[in-house]
Amino acid sequence: MVRAPQADPNGDEGLRIDAAAVAEWLVRFLVQECTVRRKTGRAVIGLSGGVDSAVVAALCARAFGPENTFAYRLPYRLSSQASLDDAGLVADRFGLKLQTIDITPMVDGYVGSAEPDLAPLRLGNVCARCRTTILYDQSAELKALPIGTGNKTERLFGYFTWHADDAPAINPLGDLFKTQVWQLARELDVPERVVEKPPTADLVQGQTDEGDFGITFADADRILLRLVQGVSPEKLVERGFDEAKVRLVAKKVGATHWKRHLPTVAMLSDTAINEYYLRPVDY
């Protein structure tokens, strides 16, 4: 009996990318989806100061030109100055048009009058949906498309606000794990300070994404890579992966499956949109 080679739980096999080739392909993807299919060569991006939005900014600057890439800082009163500074650093690096719109009055108009004791998680969701509203409105004014920044790790973990930061018109990073986004960031010359800092939702001082997850992105991506390829959690444990980490990752993916789909429609006919009525490109 021939056994499959044992995966190295600490190795990056399968996660390493040809970053230059990926960058070129994603630029072509953006041009095809935006300029060719949707007839606009303009992009709107929310710049958080993090590596994901920085990578998307760099890609859009290449695809459409800096003059057609409109970046927005959308801080809430709890946002850190460091995040604002890093977003400005990214805009300067790639020559982007940058505007700052404070969402505090928009958010607190609701929170202050209706939900003064809003928990941090709900507050984060309100902020995310307010930001998405602004980006879509600005895109309408500019005849541009809002470009998403969510990576594959966050999407599989459900670490986003439904119908907010994972509801863009186009998402170039959605099939890249977080560790692959870091590789791409270095290829695109994203400022090192942005690449190296711990990812954070920036609502609570000291909060980090990895702290919320209970696992590092490196460990999570090694497990996620194999789970989505069909390797069972039991097999991963047999191959040397830490059982607690495998169970944690599998639970997050299973519990958030619903977030990766459009609203469930009650089908009453054989022409239900996206259930029966499909275009060739939908298959």
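As shown above, the structure is provided for reference.
Predicted, not measured: the structure shown is a model, and the values here were computed from it. (Residues numbered from 1 in each chain as written. Predicted model: local features only at pLDDT ≥ 70, side-chain atom pairs only at ≥ 80, totals over all residues. Heavy atoms only, no water.)

*Asks:* What should I look at first to understand the overall build of the protein chain in this one?
*Replies:* Each helix and strand counted, the protein chain has twelve helices and four strands in total. Split into buried and exposed, the 283 residues of the protein chain put 45% on the buried side. Of the roughly 15100 Å² of accessible surface on the protein chain, a fraction of 53% belongs to carbon and sulfur atoms. The average position of the 33 basic charges and that of the 38 acidic charges among the side chains of the protein chain differ by 3 Å. (Helix = DSSP H or I, 4+ residues; strand = E, 2+ residues; numbered from the N terminus. Buried < 20%, exposed > 50% of the residue type's maximum accessible area, 1.4 Å probe, protein only. Areas by Shrake-Rupley, 256 points an atom, 1.4 Å probe, with all protein chains shown as cover. Lys, Arg positive; Asp, Glu negative; His and termini not counted. Charge placed at Lys NZ, Arg CZ, Asp CG, Glu CD.)

*Asks:* Sorry if this is basic, but what is going on with the packing of aromatic side chains here?
*Replies:* Aromatic ring pairs are reported here in terms of the distance separating the ring centres and the angle at which the planes meet. As enumerated under the stated definition, the model contains six aromatic pairs in all. Taken together, a centroid distance of 5.7 Å and an interplanar angle of 85° make the contact between Trp182 and Phe217 edge-to-face. Of the two residues, Trp182 sits in helix α7 (residues 178-187) while Phe217 sits in helix α10 (residues 217-227), which places them 35 residues apart along the sequence. Each member of the pair, Trp182 as well as Phe217, is classed as buried. Here the aromatic residues Phe157, Tyr159, Trp182, Phe213 and Phe217 are joined through ring pairs into a cluster of three or more. The side chain of Lys252 reaches across the aromatic face of Phe157, ending 5.8 Å from its centre. For Lys259, the ring lying beneath its charged end belongs to Phe160, and the centroid distance is 4.6 Å. (Phe/Tyr/Trp six-rings, centres within 6.5 Å; stacked < 30°, edge-to-face > 60°. Lys NZ or Arg CZ within 6 Å of the ring centre and 35° of its normal.)

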